[in-house]
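Architecture at a glance
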Amino acid sequence: MEARIFLIFIICLYTTINTCSSSSDFVEIVPVKEEAEKVQVKVYYESLCPYCENFIVNYLIDVFSEGIDAIADVHLFPYGNAKVNSNGNITCQHGEEECFFNTVEACAINTWPDVHDHFPFVFCVERYLYYGKFDQWESCFEELSLDPKPVKDCYSNGLGYQLNLQYADLTNSLEPPKKYVPWVVVDGKPLYDDYIYIITNICGMYKGPNLPKACFRCLPNPLGGPHDRVIPLHPVTYADDSSSPLLSKLRSSLMSFMFKRNIAAQKK
């Protein structure tokens, strides 16, 4: 993997087009002449964590908009730092509202198992949450021409609760254990706080003969990560984090701004 990432880094330095930013255009994919196993990407998050919202809206979306999903299978786990109490009740880090949205997204994933069907809905909901428009999330059904009944039935009939328990087991059984969210694992290896370089790591892990063109236009990790840092370089939410949601949102927005500015600088 190190050699592949180094190759991508060198090409990124000398290419004239450097971007992994979100856009409405889909990048052409180089046809893969031989079959190769897709890279397995697992994203553990919670719906109201500002850094999770930011990751989904500004970084994970690039995996799909840039065509990287041609070489990667993405799996979402909307549970994060929640806890199951001894009485079976689930307590979420950002309150009952987060439990609600975690369940809604779990139900969407269950209703539309293909990631290309449920990710647009999750992205839409998280985008509204990211911009503080909590009361507009249901418009995602209409925007995406989706039937809301299966998701709402799942939430109200107890299936959503069972899904949450399943996600709790999957999250709590991680090896190495999850330290914070967002927690992104690529082919079994956590990215730690270098989750913003998800595309670079997917491209580095892929063992196929040809890479999507987007792999050669991405912003490489200047520190050669991922690293398990004592003090994370990029913002994360620990289970015992009591930071102000507003300050977390501002820090998250600033991080995205700086990252996109670095990309723009490379294009000049």
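Everything below is about the structure shown above.
Predicted, not measured: the structure shown is a model, and the values here were computed from it.

About the criteria used
- Residues numbered from 1 in each chain as written.
- Predicted model: local features only at pLDDT ≥ 70, side-chain atom pairs only at ≥ 80, totals over all residues.
- Heavy atoms only, no water.
- Phe/Tyr/Trp six-rings, centres within 6.5 Å; stacked < 30°, edge-to-face > 60°.
- Helix = DSSP H or I, 4+ residues; strand = E, 2+ residues; numbered from the N terminus.
- Buried < 20%, exposed > 50% of the residue type's maximum accessible area, 1.4 Å probe, protein only.
- Expected span 1.5 Å × (residues − 1).
- Bend = angle between axes of the 7 residues up to and from the residue.
- Pairing = 2+ DSSP bridges.
- Contact = heavy atoms within 4.5 Å.
- Axes fitted to C-alpha atoms, helices over the stretch in contact; angles between N-to-C directions.
- Disulfide = S-S within 2.5 Å.

**A look at the packing of aromatic side chains**
Counted according to the given criterion, the structure contains 17 aromatic pairs. Note on F101 and W137: the rings are 5.9 Å apart at their centroids and 85 degrees apart in plane angle, and the pair reads as edge-to-face. One end of the pair, F101, is in helix α3 (residues 96–111); the other, W137, is in the loop between α4 (115–130) and α5 (139–143), and 36 residues separate them in sequence. With relative accessibility at 8%, the residue W137 sits in the buried group. Plain terms: the ring middles of F121 and F141 are 4.9 Å apart, the flat faces sit at 35 degrees to each other, and that makes the pair tilted. Residue F121 is located in helix α4, and its partner F141 is located in helix α5; the two are separated by 20 residues in the primary sequence. The burial state of F121 is the same as that of F141; both residues are buried.

**Here we look at helix α2 (residues 50–65)**
Over its 16 residues, α2 extends 22 Å from the first C-alpha to the last, a length consistent with the 22 Å expected when each residue adds 1.5 Å. For α2, the principal kink sits at I56 and spans about 40 degrees. Across the 16 residues that make up α2, a large majority, 16, are buried. Looking one or two residues past α2, G67 carries a phi angle of roughly 80 degrees, positive in sign.

**Details of the sheet that holds strand β6 (residues 189–190)**
Think of a sheet as strands paired side by side through backbone hydrogen bonds, with each pair either parallel or antiparallel. One open sheet holds the four strands; their spatial order is β2-β1-β5-β6, and the pairing between them is mixed. The outermost strands of the open sheet, each flanked by one partner alone, are β2 (72–78) and β6. Looking at chain direction, strand β5 (residues 183–186) and β6 are connected through two bridges and run antiparallel. In the strand pairing of β6, V185 is matched with P190. Against the sheet, helix α7 (residues 159–172) engages β1 (39–45) and β2, with an angle of about 115 degrees to β2.

**A look at the state of the cysteines**
What the rule picks out here adds up to four disulfides. Linked covalently through their sulfurs, C92 and C99 form a disulfide whose S-S length is 2.1 Å. Across the S-S bond of C92 and C99 the torsion is about 110 degrees, and the bridge reads as right-handed. Note that C203 is cross-linked by a disulfide to C215, the S-S spacing being 1.9 Å. Between C203 and C215 the sulfur-sulfur dihedral comes to about -80 degrees; the bridge is accordingly left-handed. Here C203, found in helix α8 (residues 198–205), pairs with C215, found in the loop between α8 and α9 (245–267); they are 12 residues apart in sequence, far enough to count as distant.

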